[in-house]
Amino acid sequence: MKTVLPFIAVVILVLLPLFGVTVAHQTQIFFGVVVPYTAVAVFVFGFIYRILQWGKSPVPFCIPTTCGQQKSLPWIKQDKLENPVTTMQVVGRMLLEVLVFRSLFRNMKTEMKEGKAVYGSEKLLWLAGLAFHWSFLFIFVRHYRFFVQDVPTAIQLMEGMDSFFQIGAPLFYMTDAVILGAVTFLLVRRVYLPQIRYISLAADFFPLFLILAIAISGILMRYFFKTHIVAVKQLAIGLVSLNPTIPEGIGAIFYVHLFLICVLLMYFPFSKLMHMGGVFLSPTRNMANDSRIVRYINPWNYPVHVHTYEEYEDDFREKMKKAGLPVEKE
Amino acid sequence: MAKLPKPEELLQINYNPPPTEDWMDRPVELKQGNFCWGAKGKNLAAVEFPNARDWTPVEADWKLPKDWEGTVLEAMADRLSKYRSFKVFMDICVRCGACADKCHFFIGGGDPKNMPVLRAELMRSVYRKYFTTAGKYLGKLAGARELDLNVLKEWWYYFYQCTECRRCSVFCPYGIDTAEITLMAREFTNLLGLNTDWISGPVANCYMKGNHLGLEPHAIMNSIEGMIDDIETITGIRINPSFNRKGAEILFVTPSGDLFADPGTFTAMGYMMLFHELGIDYTWSTYASEGGNFGFFTSNEMAKRLNAKIYAEAKRLGVKYIIGGECGHMWRVLNQYMDTWNGPADFMEVPKSPITGTVFDNAASTKMIHVTEFTADLIKNNKIKLDPSRNDDLVITYHDSCNTARGMGLLEEPRYIINSVCNKFHEMPDNTIRERTFCCGSGTGLNASENMEIRMRGGYPRANAVKFVRDKHGVNMLANICAIDRATLSASMDYWVPGVRVTGVHELVANALIMTGEKERETNLRGEPLPGKGGNE
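Residues numbered from 1 in each chain as written. Chains lettered and ligands numbered in written order. Predicted model: local features only at pLDDT ≥ 70, side-chain atom pairs only at ≥ 80, totals over all residues. Heavy atoms only, no water.

Bringing the nonpolar core into the picture now. Formed by 170 residues in total, the largest nonpolar core has its most connected members in Met123(B) and Trp155(B). Counting residues per element, this core draws most heavily on helix α9 (residues 202–224) of chain A, at 11 residues. Taken domain by domain, the makeup of this core includes at least three residues from each of domain 1 (9–195) and domain 2 (203–512) of chain B. For Trp155(B), the contacting residues outside a window of four places in its chain are Val72(B), Leu122(B), Met123(B), Val126(B), Arg145(B), Leu147(B), Tyr160(B) and Phe188(B). Ile224(B), Phe266(B), Ile280(B) and Val421(B) belong to the second largest nonpolar core, which has 84 residues in total. (Core = buried A, V, L, I, M, F, W, Y, C linked by side-chain atoms within 4.5 Å. Buried < 20%, exposed > 50% of the residue type's maximum accessible area, 1.4 Å probe, protein only. Helix = DSSP H or I, 4+ residues; strand = E, 2+ residues; numbered from the N terminus. Domains from an automatic or database assignment. Contact = heavy atoms within 4.5 Å.)

This part takes up the packing of aromatic side chains. In the structure shown here, the tally under the stated rule is 50 aromatic pairs over all chains. By way of ring pairs, the aromatic residues Phe61(A), Trp300(A), Tyr83(B), Phe294(B), Phe296(B), Phe297(B), Tyr337(B) and Trp341(B) are connected into one cluster. Across from the ring centre of Trp300(A), 4.9 Å away, lies the NZ or CZ of Lys82(B), which sits over that ring. A cation over an aromatic ring shows up here: Lys304(B) above the ring of Tyr302(A), its NZ or CZ 5.8 Å from the ring centre. (Phe/Tyr/Trp six-rings, centres within 6.5 Å; stacked < 30°, edge-to-face > 60°. Lys NZ or Arg CZ within 6 Å of the ring centre and 35° of its normal.)

Along the polypeptide, Thr432(B) turns up in the loop between α19 (412–421) and α20 (452–473). Within the structure, Thr432(B) has its side chain in polar contact with the backbone oxygen of Pro429(B) (distance 2.8 Å). Once you skip the residues sitting within four places of it in the chain, Thr432(B) turns out to touch Tyr119(A), Thr437(B), Phe438(B), Arg462(B) and Ala465(B). (Polar contact = N/O pair within 3.5 Å; in protein donor to acceptor, adjacent residues only side chain to side chain.)

Bringing the interface of chain B and chain A into the picture now. Many authors give the size of an interface as the accessible area that is lost as the parts come together. With 117 residues of chain B at the contact, the number on the chain A side is 89 residues. Where chain B abuts chain A, roughly 8,900 Å² becomes buried across the two surfaces, and 58% of that area is made up of carbon and sulfur atoms. Three residues stand out in chain B for area buried against chain A, namely Arg84(B), Arg95(B) and Thr340(B), and they jointly supply 9% of the buried area on that side. Run the count over chain B and chain A and you get 7 salt bridges. The salt bridge partner of Lys319(A) is Glu216(B), with a shortest N-O separation of 2.6 Å. On inspection of chain B and its partner chain A, the count reaches 73 residue pairs in polar contact (both at pLDDT 80 or more). A per-element tally of the side of chain B that touches chain A places helix α14 (residues 300–317) of chain B first, with 8 residues. Here the side of chain B that touches chain A is built from residues that sort into 56 nonpolar, 25 polar and 36 charged. (Buried area = accessible area lost by both parts, 1.4 Å probe. Salt bridge = Lys/Arg side-chain N within 4 Å of Asp/Glu carboxyl O. Nonpolar A, V, L, I, M, F, W, Y, C, P; charged D, E, K, R; others polar.)

All names here are of chain B. Taken together, 4 strands build an open sheet; the order of strands is β2-β1-β3-β4 and the sheet is parallel. Of all strands in the sheet, those with a lone pairing partner are β2 (282–283) and β4 (368–370), marking the two edges. As judged from the 4 bridges shared by strand β1 (residues 250–253) and strand β3 (residues 321–324), these two strands associate in the parallel manner. Its bridge partner being in β3, Ile250 is matched across the sheet by Tyr321. Relative to the sheet, helix α15 (residues 329–336) contacts β1, β3 and β4, its axis offset from that of β4 by approximately 145 degrees. Lying over the sheet, helix α17 (residues 371–380) contacts β3 and β4, oriented at roughly 70 degrees with respect to β4. (Pairing = 2+ DSSP bridges. Axes fitted to C-alpha atoms, helices over the stretch in contact; angles between N-to-C directions.)

Once that is clear, we can look at the domain arrangement of chain B. Residue and element names in this part refer to chain B. The domain boundaries assigned to chain B delineate domain 1 (9–195) and domain 2 (203–512). Summarising the inter-unit geometry, the C-alpha centres of domain 1 and domain 2 are found 30 Å apart. Residue-level contacts link 39 residues of domain 1 with 42 residues of domain 2. Note on domain 1 versus domain 2: buried area summed over both sides is about 3,300 Å², and carbon and sulfur give 61% of it. Together, Leu10, Arg166 and Arg167 form the three largest contributors to the area buried by domain 1 at its contact with domain 2, with a combined 18%. Where domain 1 meets domain 2, there are 2 salt bridges. Residue Arg305 is joined to Glu48 by a salt bridge in which the shortest nitrogen-to-oxygen separation is 3.2 Å. For the pair domain 1 and domain 2, the interface holds 17 residue pairs in polar contact (both at pLDDT 80 or more).

Now for the pattern of salt bridges. Tallying each qualifying case throughout the model produces 58 salt bridges over all chains. Each of Arg190(A), Asp204(A), Lys272(A), Arg95(B), Glu121(B), Arg124(B) and Arg128(B) takes part in salt bridges that share partners, so that together they form one network.

As structure tokens, then:
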């Protein structure tokens, strides 16, 4: 159920533009202009809205998860990246987390062997996660060339690196293979590993199917069904220059690709994909372990009812005097 | 009480959940030996907690207040608006599963709802139903479900099976900390009067009498008198600690467990012997006679109410700063909460060792230092005379407490001390120490006796690592800096790794400490012959 329904949903999302632009030509405006503008608006405003919603809740306590030696005595070496006390150290920790998935790198696998729990190395999830996110970013940036007349040198360099092996025509991009492989791994693992299948929701499968469909449609368009690239670029530039046009001769596969990306953009702010923004707001990672050095303020700290020393002494005065303890009131 | 199965029976563990089952369809089953008795009404009433009445978890009727669902959902909305951690952690989990096999209860039990991700989903599913649009309309398909009695019982069962040890949070790529979610679940259950006897009893005691054990002023003094007698027998030196003394330079606060039962009492003797030898000007307090904070296992407010006594007493006595003893969750609270709740402690001075002159800038605001920071500094500056050979009958390993490791980062100080006072020290495997340390299995108020099965299951990963160094290096002593560890690891060692005993770090210090004017010592603090002194050696 939680696997099949998301799959069917993605199939429907593929068929919609496919039939739309093939059967009714006029829907090109819908899929080529209306939907992209809507999607970008939903993404931008949705993303900002979610961040603001999170930001509205204060962080009442200083609760970093410390993963290394604290700063204490001068001759004990502090682990600055795993237990930061300054802002720069926190930035360093966050960079490691966001760019190379430091915490996930710690992953290991627990197994029962010969009546003992053993912990083996398990870097595949980290590797696949890293491969997926970085190839996605690379591909995303690479697409910039569709939105400008003259392709900047930086983008050309990226393309050069990506097609380093000079295979095929058009040149084969390595990141295409990496993203397909990584997403497939993440998907297979979710179905195949009993623990992961048990915890998975439909909302975990849907984005994987969707991104897989985006990658496949892109690859089909580039390597198999030739697309009128000049027309695509014309459409893209029209969109970003707020002067949208629908050029002739763009294949239906392009509209599939574009529509799926739009769905992803619109789905993004309301899904777990918001971990992209959330990771920056995670108090266990983005705070310095300096709560003994400077007082951390809780904006909603309020007075509480305590059992005072005076009340305590009232309860025990005779016993205290008998035991020879000093008292405030004789 | 359920009979505790044998170790080999407990180890029949399958880490793979049923392949076709949906976890939401599996109703909670309260298994004997895996939960604590319900709170007594009088203990809840003592601290003005709602719905104070006696209740029994195994009975169908939990005597819940009217519209308890409304109470919980209202509290949930409130906490979502007050804690960014809670709100963000409800939203951003991608269920990658990295945390799944990191929880000691899952490793030692295999119950899928003890995977941290699923423990959190128990709460998230309800959050989605009432606080997200998708969950509201798509229901189960969006991973949402309604809050009903079965869900509440499931919460109670599993959130009182989480020790807030934060190990999952070390491995989570977003730092999602199940402790933050468990803290909330415990707040909600406490609004309905659903606490355990083992937590609410100590909370009421601590509130009224100053410590979890409910030791009244004279009882604290009697307990310490007994230790002084023992110290005199062993060293020939009579020491005279003071209590509630105004004008002392230092207030010393330690968990009351150290005053009550072995082996914690040996650690307390260790503190006193060290302080006596140094001649420092310190006092105990009978009012702030608890470093630990079981209030932290009920609600933020209760934790603050109990913690308030420490600064209040420091102010009343006019001390310059505070030294805190060996305790785990106590230090999570002191490091990350105390100053925020009950500060500023501007009536004190930045801690400065009267012996070495070292200024503890790392406690510039809280004015409270850990006793191992204090002692490590002494040893580094050669201020105490030590004879580590007195500990030569011990082959030691060190257990990092969850809270001092992951809520503070106090890793090297105790190791430095141990290596200075002992000759035989071996670390457990890397995956099981420092920030990856395993919980003793009985933290957050789970150290009762009626839930021994879950305690032993949760204690298994730690014991398993101890067994490794016992077999490899002949380790026979497990050192730690936590009062709950000293009490509970003793039980789990007896169960899983018989022959390994448990000690506080300052017991080791005091054994090695050469005191001015002491007689030739024949025994260690436990009254056992020192190496080379016994008849059988």
